[in-house]
Amino acid sequence: MHCKTVKKLMEAYIEGELDEPRSKAIESHIANCQICANELALTQKVHKAVDCLSTPPVPGDIISNTLNLIHQRSVSRWLWLRKWPVVVSAMILLGLILFGIGYQRFNTKPDLTEEQIIEASEGLNLALGIVAAGTQYAQNTAIAEGARTYDLVKVASVSTLQEISKVQIEVSEKIKANLGFLSQLNFDEVKNNEEF
Amino acid sequence: MVANQQDILNITDTRFISSEQDFIVLMQENQECIYRLAFNLLGDAEEAKDATQETFVRAWKKLDILRRETSRAWLSKTTVNLCTDWLRKRKFKGDFPENFQYQTPDPKPDPLEECIKDEAQNKVRVAISKLAPKYRIALILRDLEGMSYQEIADIMGMKMNKVKSNIFRGRQKLKDLLRPFFEVDRQ
């Protein structure tokens, strides 16, 4: 093993991080090389010197000082607020205004007018009437022209009525909700209206 | 604090430090190692005390994320970052002394233990102070704090190979700085 390699591995050798073959190779080299032996001795001395370094005892007031610092810094933050009352007041007022605008903007509102709701309801009733009449006609015709025709029409009518029922329920719920909102706005007017 | 509020605190996740009392216990358990680390990095007792206190103040602000099992590593990392900043400012201000005299540490209580004298310890500390920060920190964390390579890598934010390289270079430079003292001593 060369001196350059020994020097490179010396720290790891002292730390005990080398495998046995390389450790033995270093020991064999050092036994026959005074320069490397001196270098090893110096390295071990430096390691020992570092290991022997000690520190002063821990001051006894670190914890109390830390708690005082935490308290002082939190108080000083509040003192900043007291120092700038106008700025703080303006910031609070601005925050309230922005909150009010946001609340008003995102509050739920009906997307249909009263007239549109009434019109839609009348239209739905008309549609239901037509389907009922058509179903009856189909039934009558089927009796005259054969049961199979009746079955086909009956299936179509039933499914149509089911779909209309679903829409009717949804529209009814929406009508109720919107009417409820409208009634809150102008309860007296709604109350006196004969249609309601 | 009323009893029911205290009960609520008690059933919170005990992995986190949830009360002032827990925080005080945290400081009691860690102040010695943090102070020692700060002193080894800065070389001054008063600065080490300030650094320790500042580390705990920062920990107080991070209580919501500080877990018991990782608090030591977090505190060490914060101390290293803090001391690195202070060292950088100290050097920038131009008051980094070449003949910096460290406080004489207390001697080992066991007189039979083979330790070097106070003068030698000062020599070693002055030599350490002359190392570049990246070598100094790596060497201190390894040789004085006994941390593993992985722990040092986590604290310094670098790969393990880089940590080993910095430790190796730091030791080489330290040895070169102390060579005149120890070789004369040997003779």
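A quick note: this is a predicted structure, and the numbers were derived from the prediction, not measured. (Residues numbered from 1 in each chain as written. Chains lettered and ligands numbered in written order. Predicted model: local features only at pLDDT ≥ 70, side-chain atom pairs only at ≥ 80, totals over all residues. Heavy atoms only, no water.)

With respect to the interface of chain B and chain A
At the interface, 46 residues of chain B touch 33 residues of chain A. A combined buried area of about 3,700 Å² lies between chain B and chain A, and 66% of that area is made up of carbon and sulfur atoms. Here chain B is connected to chain A by eight salt bridges. Counting across the interface, chain B meets chain A through 13 residue pairs in polar contact (both at pLDDT 80 or more). Those elements that place two or more of their residues in the side of chain B that touches chain A are α2 (20-42), α3 (45-61), α5 (118-129), α6 (133-144) and α8 (160-186) of chain B. Considering only residue class, the side of chain B that touches chain A consists of 20 nonpolar, eight polar and 18 charged. (Contact = heavy atoms within 4.5 Å. Buried area = accessible area lost by both parts, 1.4 Å probe. Salt bridge = Lys/Arg side-chain N within 4 Å of Asp/Glu carboxyl O. Polar contact = N/O pair within 3.5 Å; in protein donor to acceptor, adjacent residues only side chain to side chain. Helix = DSSP H or I, 4+ residues; strand = E, 2+ residues; numbered from the N terminus. Nonpolar A, V, L, I, M, F, W, Y, C, P; charged D, E, K, R; others polar.)

Observations concerning empty space enclosed by the protein
In the structure shown here, the tally under the stated rule is one cavity of 30 Å³ or more. Elements with a contribution of two residues or more to the lining of the largest cavity: α3 (34-51) of chain A together with α6 and α8 of chain B. It is α3 of chain A that provides the largest number of residues to the lining of the largest cavity, a total of three residues. Class assignment for the residues of the lining of the largest cavity results in four nonpolar, one polar and three charged. (1 Å grid on protein atoms, 1.4 Å probe; cavity = no way out; pocket = protein on both sides within 12 Å on 5 of 7 lines; lining within 4 Å. Points joined across faces, edges and corners; volume = space filled by probe spheres on them.)

Here's the deal with the confidence of the model for chain A
Residues and elements named next belong to chain A. Confidence in the prediction for chain A averages 71 pLDDT; 42% of positions are at 70 or higher. Mean pLDDT in chain A bottoms out at helix α8 (residues 187-192), which sits at 50, and peaks at helix α2 (residues 20-31), which reaches 92. Long-range and interchain partners of residues 142-147, a stretch whose pLDDT sits below 50, account for four contacts in this model, where long-range means more than four residues apart. (pLDDT = per-residue confidence, 0-100.)

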